[in-house]
Amino acid sequence: MVTLYQNKVIDQLRDVLKKKQHMVSVTIKMEQIDPLDFFAAGETLFHGQRFYWSDCLYERTFVGLGHAHVIKSEEKTKKRFREVEREWKQIVEGAFIEGQGPLMFGGFSFDPLKQSDEHWSEYPAAQFVVPTFLLTKQRDETWLTINVVHESLGQLEEMIDSLFHIRGESEWHRTDVVEKEEVARDRWIRAVHHATDLIQSGMIEKVVLARELFLSFSHRIDRSYVLRALREQQSMSYIFAFENGSTCFIGASPEQLVRKNGHMCETACLAGSIRRGHTIKEDEELGRWLLQDDKNRREHAFVVDMIEQAMNEVCTEVFVPSEPTLLKMRHIQHLYTPVQAKTREGISIFSLVERLHPTPALGGFPKEKAVQTIREIEPLDRGWYAAPIGWVDANGNGEFAVAIRSALLGDNEAHLFAGCGIVAHSDPHSEYEETNVKFKPMLLALEGGRE
Ligand SMILES: C=C(O[C@@H]1C=C(C(=O)O)C=C[C@H]1O)C(=O)O
Ligand SMILES: [Mg+2]
């Protein structure tokens, strides 16, 4: 499939590598291929170095194989966003580009100051990768970008050969769950009580508390299988996977953090939840209830107010609808307010991410106090859960989702995460039930599609 262009590309790379540029990035048009077959084809040669991303509207899908360059930051302050931005600019400026240019994909941790758990050890405060091979599918067109830094051309030829074997008939493997454990369930319920006390005493107004579900499996989890299940089951979601060493962070999130294209940018307020109904009638009743429920409207309003203010500081023409609507996913419906704006001169996607993360949908309000409260009372390390994950291209355009409805996969185990917004009148039992609904997308994909 790549072979038609293989010799031409290798020759091109050979020529430009002679110029000793820091990175060479060449894009060629490819035949149509399912991006998941491309992801699966990297299983052996690029295991631990793959990523997958598709946006809510399937406008763009990216699959990365191999690491041409890795940008990492262990910085525990907001400097991490600027460090990544600086390094990315340097790479782009020093690159020889033919075609669309390189793109990097990665994410940030939720809170670098939180004591880190062993299972998140491969996920630092920030990490982005520029893949050796990037497949881009945009509408009906498919492109392959090859980014080369250190690899010898010999290795590259071998890698391209291996991609030639993609036949679009990958085998998928399902594995059985052998153990399911609600981690620190009682501590989480106590934390919710604690949070409502803090809110009622006026210390804080909203705080989001998350908990963990641990699963172990009879066999190795097939990441391509899980991605395919997510793609089939969770329409209108960002589907993502980021492999790092032996683990893979994966999910299907309905929540956009920010998208930037030139000066135009979008973000979204998503908070307030209820399950889907079993019948259309029940579903509509639940939706109407959600739109009018005081507790959920409060949860949502904190997010709208904060995002509107943050955007007004760096944008013009900020448009925020006055009332939320419903966003209905397979298992859950949310209150939703989309926001559009035009960035001021010199405002990068990194500064938007820095400003927005975490919104009160994932942190709380006021921001600093909420993050500190989470750090102190939440019985888990969020790692990259609930944090920004996404891509940035050579022109500084890109998109980030909020990495919820997600799990960290090891070989035979999975850590699933789900949280909910606690406000003054939150009832721990209903919040607990809300997290159960939010675990469903990952559970269904991992359990092999049985509901
Ligand atoms: C924290 C999560 O979801 C967030 C919390 C919501 C809520 O409490 O109503 C709704 C959407 C998300 O912003 C999660 O899914 O883990
Ligand atoms: Mg909620």
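In this text the structure is predicted, and so the values were computed from the model without any measurement.

Chemist: Can you walk me through the environment of Tyr238 in this structure?
Modeler: Along the chain, the position of Tyr238 falls in strand S10 (residues 238-244). For Tyr238 and Arg80, which are 158 residues apart along the polypeptide, the C-alpha to C-alpha distance reads 24 Å. A polar contact is formed between the side chain of Tyr238 and the side chain of Glu399, at a distance of 2.5 Å.

Chemist: What exactly am I supposed to notice about the UniProt feature "domain: Chorismate-utilising enzyme C-terminal" (unreviewed entry) in the chain here?
Modeler: Here, the residues flagged by UniProt with the feature "domain: Chorismate-utilising enzyme C-terminal" (unreviewed entry) are residues 185-438. In this annotation, residues 185-438 is assigned 36% helix and 36% strand; the end-to-end C-alpha distance for the span is 15 Å.

Chemist: Looking at this structure, I do not really get the site of ligand 1. What am I missing?
Modeler: Close contacts around ligand 1 come from 18 residues, with Glu255, Leu270, Ser273, Tyr385 and Arg405 the closest. Contacts to ligand 1 include Glu299, whose side-chain N or O atom sits 3.0 Å from an oxygen atom. In the environment of ligand 1, an oxygen atom lies 2.8 Å from a nitrogen or oxygen atom belonging to the backbone of Gly421. Notes on ligand 1: free accessible area 390 Å², of which the protein chains cover 100%. Elements represented by at least two residues in the shell around ligand 1 include exactly strand S13 (264-275), strand S21 (413-422) and helix H11 (428-446). Considering only residue class, the shell around ligand 1 consists of 8 nonpolar, 5 polar and 5 charged.

Chemist: Just to check I follow, could you spell out the packing of aromatic side chains for this structure?
Modeler: For any pair of aromatic rings, the description consists of the separation of the ring centres together with the inter-plane angle of the planes. In this structure the tally under the stated criterion is 21 aromatic pairs. Summarising the aromatic geometry, the rings of Phe108 and Phe128 are spaced 5.3 Å apart at their centres and angled 65° between planes, so their arrangement reads as edge-to-face. Of this pair, Phe108 sits in strand S5 (residues 103-108) while Phe128 sits in strand S6 (residues 126-138), and the two are 20 residues apart along the sequence. You'll find Phe108 and Phe128 in the same group, each marked buried. The aromatic ring of Trp143 is capped on one face by Lys29, whose charged end is 5.6 Å from the ring centroid. Sitting over the face of the ring of Phe39, Arg50 holds its NZ or CZ atom 4.0 Å from the ring centroid.

Criteria and thresholds
- As a convention, each chain's residues are numbered from 1 in the sequence order in which they are written.
- The naming scheme follows written order: chains are lettered A onward, ligands numbered 1 onward.
- pLDDT decides what is reported in this predicted model: residues at 70 or higher carry local features, side-chain atom pairs at 80 or more are listed and counted, and totals for whole chains, interfaces and linings draw on all residues regardless.
- Hydrogens and water are ignored here; the side-chain numbers use all heavy atoms of the structure.
- Each helix is a run of H or I in the DSSP string that is no shorter than four residues. Each strand is a run of E no shorter than two, and both are numbered from the N terminus.
- Throughout this description, a polar contact denotes any pair of N or O atoms lying within 3.5 Å of each other; where both atoms belong to protein, one of them has to be capable of donating a hydrogen while the other can accept it, and for residues adjacent in sequence the pair is counted only when both atoms sit in side chains.
- UniProt positions are given in the numbering used here, feature names are shortened, and annotations may be inferred rather than shown by experiment.
- Only a single heavy atom is needed: when it lies within 4 Å of a molecule or strand, its residue is near that molecule or strand.
- Reported accessibility uses the Shrake-Rupley method at a 1.4 Å probe radius. Residues are deemed covered only where the shown protein chains occlude them.
- Note that Gly is not counted as nonpolar here; it falls among the polar residues with everything else outside the nonpolar set of Ala, Val, Leu, Ile, Met, Phe, Trp, Tyr, Cys and Pro and the charged set of Asp, Glu, Lys and Arg.
- Note on aromatic pairs: the rings of Phe, Tyr and Trp (six-membered ring only in Trp) are paired at centre separations within 6.5 Å, and the planes decide the class, stacked below 30 degrees, edge-to-face beyond 60, tilted for the rest.
- The cut-offs for exposure are 20% and 50% of the maximum accessible area for each residue type, with area from a 1.4 Å probe on protein chains only; residues under the lower value are buried, those over the upper are exposed, and the others partly exposed.
- Consider the ring centre and the ring normal. A charge sits over the ring if Lys NZ or Arg CZ is within 6 Å of that centre and within 35 degrees of that normal.

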